[in-house]
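Residue-level structure breakdown
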Amino acid sequence: MTTANTTISLIGMPGAGKSTVGVILAKVLGLNFVDTDLAIQRRANATLQEILEDKGYQYLRSLEESVILDTDLSQSVISTGGSAVYSEAAMRRLGEAGPRVYLSADLPTLETRVAAAPLRGIASDSAQSFAGVYAERSPLYEQYADISIDATAGSADTVAALIVSALSK
């Protein structure tokens, strides 16, 4: 696979490893790395959790959409926030830029990973359980995925290698 003018977007639940795998994938492929969660935080001058507490999850989702629509995606690995799939416009832009790779993981694994890093700023109704968010979002990730990779298949290096392999097919 040539990496010139390549963009690879990682989608999936919080805890799937999008940021960790994304950094490794970008290094392996010689691409830029963009973490939309960090871009949102820079734009808002607040953490995701602070944005949620101050302005609510709908505002965070709209901010995420505008960041994806405004960001230079060329020659990059894009780690999206877990709620990016709620924006048809953002998903269309990512899809036009290159393959969208769904890092899938089972609910118990995700719950364990997210519990290890509390206050992650998950853009959902506070009354909704993590399992509820998983059930709601999983069909959206599957719908938008050009490639699906099991994010529990090994280390972040292993998952990145699986993505490279899938991209070369």
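Thresholds, definitions, all that
- Residues numbered from 1 in each chain as written.
- Predicted model: local features only at pLDDT ≥ 70, side-chain atom pairs only at ≥ 80, totals over all residues.
- Heavy atoms only, no water.
- Pairing = 2+ DSSP bridges.
- Helix = DSSP H or I, 4+ residues; strand = E, 2+ residues; numbered from the N terminus.
- Axes fitted to C-alpha atoms, helices over the stretch in contact; angles between N-to-C directions.
- Contact = heavy atoms within 4.5 Å.
- Expected span 1.5 Å × (residues − 1).
- Bend = angle between axes of the 7 residues up to and from the residue.
- Buried < 20%, exposed > 50% of the residue type's maximum accessible area, 1.4 Å probe, protein only.
- pLDDT = per-residue confidence, 0-100.
- Phe/Tyr/Trp six-rings, centres within 6.5 Å; stacked < 30°, edge-to-face > 60°.
- Lys NZ or Arg CZ within 6 Å of the ring centre and 35° of its normal.
- Arc of directions from axis to C-beta.
- Core = buried A, V, L, I, M, F, W, Y, C linked by side-chain atoms within 4.5 Å.
- Polar contact = N/O pair within 3.5 Å; in protein donor to acceptor, adjacent residues only side chain to side chain.
- Salt bridge = Lys/Arg side-chain N within 4 Å of Asp/Glu carboxyl O.

Once that is clear, we can look at the sheet that holds strand β5 (residues 147-150). With parallel pairing, five strands are arranged side by side in an open sheet as β2-β3-β1-β4-β5. In this open sheet, the two strands that pair with only one neighbour each are β2 (32-35) and β5. The sheet shows a mean angle of 20° between the axes of neighbouring strands, direction not considered. The pairing of β2 with strand β3 (residues 76-79) spans four bridges and is classified as parallel. From the neighbouring strand, Val34 faces β3, where its bridge partner is Ile78. Against the sheet, helix α5 (residues 88-97) engages β1 (7-11), β3 and β4 (100-104), with an angle of about 110° to β4. Strands β1, β4 and β5 of the sheet are contacted by helix α8 (residues 156-167), whose axis makes an angle of about 150° with β5.

This part is about helix α7 (residues 130-144). Spanning 15 residues, α7 covers 21 Å between terminal C-alpha atoms, matching the ideal 21 Å at 1.5 Å per step. Arg137 marks the point of greatest bend in α7, at about 30°, and the proline Pro139 comes within the next four residues. Every buried residue of α7 is listed here: Phe130, Val133, Arg137, Ser138, Tyr141 and Tyr144. Looking at the buried positions of α7, the neighbouring elements they touch are β1, α4 (57-70), α5, β4 and α6 (107-115).

Averaged over all residues, the pLDDT of the protein chain equals 90, while 92% of them reach at least 70. Within the protein chain, the lowest mean pLDDT, 88, falls on α6, and the highest, 98, falls on β4.

It is worth spelling out the packing of aromatic side chains at this point. In this structure the tally under the stated criterion is one aromatic pair. Positioned above the aromatic ring of Tyr86, the side-chain terminus of Arg61 is 3.7 Å from the ring centre.

Let us now look at α4. Relative to the 20 Å expected for 14 residues at 1.5 Å per residue, α4 spans 20 Å between its end C-alpha atoms, a close match to the ideal helical length. Within α4 the residues assigned to the buried category are Leu60, Arg61, Leu63, Glu64, Val67 and Ile68. What you see down the axis of α4 is that its buried residues fit within an arc of 160°, all on one side.

Moving on, we come to the nonpolar core. Membership of the largest hydrophobic core comes to 39 residues, with the highest contact counts inside it found for Ile8, Leu10, Leu25, Val101, Leu103 and Ile163. Considering each element in turn, this core owes the most residues, five residues, to helix α1 (residues 18-29). By size, the runner-up hydrophobic cluster in this structure holds nine residues, among which are Ala39, Ile40, Leu60 and Val67.

Time to look at unusual backbone geometry. Although it is not a glycine, Asn45 adopts a positive phi angle of roughly 55°. Along the chain, Asn45 falls in the loop between α2 (36-44) and α3 (48-55). The phi angle at Gln75 is positive, at roughly 50°, despite the residue not being glycine. Position of Gln75 relative to the elements: it lies in the loop between α4 and β3. Residue classification places Gln75 among the partly exposed positions, given a relative accessible area of 37%.

A few words on the side chain of Ser76. By secondary structure assignment, the location of Ser76 is in strand β3. Judged by its relative accessible area of 2%, Ser76 falls in the buried class. Reaching out from Ser76, the side chain makes a polar contact with the backbone oxygen of Ser74 at a distance of 2.8 Å.

Scanning the entire structure with this criterion turns up two salt bridges. Between Asp70 and Arg43 there is a salt bridge, with the nearest N and O atoms lying 3.2 Å from each other. You can see Asp70 sitting in helix α4 and its partner Arg43 sitting in helix α2, a full 27 residues away along the chain.

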